Amino acid sequence: MKIQSIRGTHDIFGSDLKKFNKIRKQLVKIAKSFNFNEIHTPIFESTTLFSKPLGQQSDVVLKEMYTFLDRNKDSITLRPEYTTPMIRAAISNNLLNSIPCKLFGLGPMFRRERPQKGRYRQFNQINFEIFGTSDYFADVELIIIAHNFLKSIAPNLKFKLFINSLGDKENLKNYKNDLKKYFLKNIKDLSEESQKKIHSNCLRILDSKDSKDNKISLLAPKIISYLSSESLNHYENIKKTLNELNIEFIENPFLVRGLDYYCSTVFEFKTDSLGSQDTLIGGGRYDGLIKLIGGQDLPGIGWAGGVERMILLMDEISKTEKLIHFAILKDNFKSHALKAYNQLSSKNLPVFWNYKYNLKKSLSQASNENASHIVIIGDNEFEKKKYTIKNLINGSQKIADLKDLEKIINND
Ligand code: AMP
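Basis of the calculations
- Residues numbered from 1 in each chain as written.
- Predicted model: local features only at pLDDT ≥ 70, side-chain atom pairs only at ≥ 80, totals over all residues.
- Heavy atoms only, no water.
- Pairing = 2+ DSSP bridges.
- Helix = DSSP H or I, 4+ residues; strand = E, 2+ residues; numbered from the N terminus.
- Contact = heavy atoms within 4.5 Å.
- Axes fitted to C-alpha atoms, helices over the stretch in contact; angles between N-to-C directions.
- Core = buried A, V, L, I, M, F, W, Y, C linked by side-chain atoms within 4.5 Å.
- Buried < 20%, exposed > 50% of the residue type's maximum accessible area, 1.4 Å probe, protein only.
- Phe/Tyr/Trp six-rings, centres within 6.5 Å; stacked < 30°, edge-to-face > 60°.
- Near = heavy atom within 4 Å.
- Polar contact = N/O pair within 3.5 Å; in protein donor to acceptor, adjacent residues only side chain to side chain.
- Areas by Shrake-Rupley, 256 points an atom, 1.4 Å probe, with all protein chains shown as cover.

Undergrad: Can you explain the sheet that holds strand β11 (residues 300-306)? Please cite residues and give values.
TA: Whenever strands of a sheet pair, they do so through backbone hydrogen bonds, lying parallel or antiparallel. Reading across the sheet, the 8 strands line up as β1-β5-β6-β11-β10-β9-β7-β8 and stay open at both edges, with mixed pairing between neighbours. Whereas interior strands pair on both sides, the edge strands pair on one side only; in this sheet they are β1 (37-38) and β8 (250-251). For β1 and strand β5 (residues 101-110), the ladder comprises 2 bridges, and the chain directions are parallel. By the bridge assignment, E38 is partnered in β5 with F104. Sheet contacts for helix α4 (residues 83-92): β5 and β6 (122-131); angle to β6, the most-contacted strand, approximately 50°.

In C-alpha cells, the structure reads:
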C-alpha cells in the first residue's frame, strides 16, 4: 500500500531545508536586533478565535479553514493565520501588561486553497506584531524589518513595496457604502464572482484578478478621499519617513488585504518572479482586533510572510560547510578510524560513517554528498597509526597524526 501525502502539503528537505534554516537564522537575527520576542502558539485553537475577527464573509472563513469537532464536540480550527493566535496568547499570558509588546514567530498555517506553485494547504509563515501603539513609526518599523529581512535572505531579489491606507472604522464604513453603490451601478460588467461580493465583501472586488473587474475598479471611488485628517496625517508621515529612509514604495489604492480586521495602513511586498502567487509579505494595522478577542482596547499592527515563497526565490546556498566522510578499507581498521571519528565529532565537525569499507564506493558516496574531506585508513595508515586526509574541494592530501586532524580540517 503506497500512502500519498495529502494534496497541497509538501516535505521540506535537502537544499530547500537549507534555505528554510537560513530563513530561520536570519529571522532570529533580525528579530533580536529590533528586540522582538519569539513566541510559539498551538497549531489549533477554538474556531471562534478566527471566525469573527477574520470576517464571516472572508474567503479564509467561508472556504478555507480546517475546522472539526473534537471528541467532546468543541469546534477546533487549524490556525489559518498567526495574528489572532498571537493576540490570544498575549492576552492569556498577560504580555499586554507591558506595552508596546513586540512579538515574532514562525510556524505552519493551514488553508484549504487550490494548490499551485507558491500556494499550499499547509505552509509556513513568519509573523511580526506590535501591540499597544498607534504611533506611525510602528508601521514604519515593521516595514523596515520586512525590507531588511527580504534583503538578507535574497540579496539579488527584485521586490516592490505597495502601500495604502484604509482609514479608521468610520472612514472605511463610509467608503464601503459608496463603493457598494458604485459597483451596484456597474453590476452587469463585473465577473460573476465579484457580483456575489457586492453585498458581502465589496472591498475585495478592488483586488480581483479578473480584468473585467479591474476595468470597473479603475473608475471606482478611491479611499484616499474618505480619510479623516488624522488618518491622512498618519499615512503622510509613513510616506515621508519611508522617503527619508530611501525605501521605495508604490501607492496602490486597490490594496485592501483579505481579512476583515485591517484598517489604516496596509502594505505588501511583491515580486515579478513568482507568477500569480506574487505576494511575499503582507501586513497592516488592526486597531480594534485586540479588544474583539477579549483584551484591552489596544491598537496593533503586524505582517506575515510566506516561507515557501521565499524558498522558491532564494539562491542556492553554496556548500561552504565541512563534512568529513571516512574510507575505512578493511573491517579490522574500524577501531583506528573510530578514534578520529570520535575526536572530530566531539569538536563539532560533522562526520559520516558509510558502512562500506571500500575505497571506490566511499569516494563516490563522499562526492555525491558534497563532502568537504575524506579520511582514508588503509594498510599504511593502520600500521603507522596515522590518517590520510584528502580535501575533496581542491584535491590536496596530507598524512596526519590524530592530534593534528582537526586543525588541518579547520584551516583548509
Ligand atoms: P496572508 O495571511 O494571506 O496575508 O498571507 C501572508 C503571506 O503568507 C502571503 O504573502 C504569502 O507569502 C503567504 N501565504 C498565504 N497563503 C499561502 C499559501 N496558501 N501557501 C503558501 N504561502 C501562503
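Undergrad: Can you explain the environment of L62? Please cite residues and give values.
TA: Counting through the fold element by element, L62 comes out in helix α3 (residues 59-64). Linking L62 and S51, residues 11 residues apart in sequence, is a C-alpha distance of 8.9 Å. Contacts of L62, omitting those with residues within four sequence positions, involve Q56 and Q57.

Undergrad: Please give an account of the nonpolar core that cites residues and values.
TA: F131, L179, F183 and L206 are the most contacted members of the largest nonpolar core, which has 48 residues in total. Those elements that provide at least two residues to this core are α2 (48-54), α3, α4, β5, β6, α6 (169-185) and α10 (289-292). For this core, the element with the highest residue contribution is α6, accounting for 5 residues. Not counting chain neighbours up to four residues away, the residues in contact with F131 comprise M86, I87, A90, L96, I99, P100, C101, L103, Y286, I290, P299 and G300. Counting 43 residues, the second largest nonpolar core, distinct from the first, contains I30, I126, A146 and I301.

Undergrad: Go over unusual backbone geometry, please, and point to the residues and values.
TA: Omega for the peptide link from I99 to P100 comes to 5°, which places this bond in the cis form. Even without being glycine, N94 reaches a positive phi, approximately 55°. Residue placement: N94 occurs in the loop between α4 and β5. Given the relative accessible area of 52%, N94 is considered exposed. Not every positive phi belongs to a glycine, and S264 is a case in point at roughly 50°.

Undergrad: For the packing of aromatic side chains, give the residues involved together with the corresponding values.
TA: In this description, a pair of aromatic rings is defined by centroid distance and the angle of the planes. All chains considered together, the criterion is met by 15 aromatic pairs. Between the aromatic rings of Y261 and Y286, the centroid separation amounts to 5.8 Å while the plane-to-plane angle is 75°, which identifies the pairing as edge-to-face. Placement of the pair is Y261 in the loop between β8 and β9 (263-271) and Y286 in the loop between β10 (279-285) and α10, with a sequence separation of 25 residues. Relative to W353, the ring of Y341 has its centre 4.9 Å away and its plane inclined at 80°; by these criteria the two rings are edge-to-face.

Undergrad: Can you explain the site of the ligand? Please cite residues and give values.
TA: With respect to spatial proximity, 14 residues lie near the ligand, and among them R111, E113, Y120, R257 and T279 are the closest. A distance of 2.9 Å is found between an oxygen atom of the ligand and a backbone nitrogen or oxygen belonging to T279. Contact between the ligand and G306: an oxygen atom at 3.1 Å from a main-chain N or O atom of the residue. Protein burial of the ligand: of its 480 Å² of free accessible surface, 90% is covered by the chains. Mapped by element, the contributors of at least two residues to the shell around the ligand are β6, β10 and β11. Here the shell around the ligand takes 3 residues from β10, the largest share from any one element.

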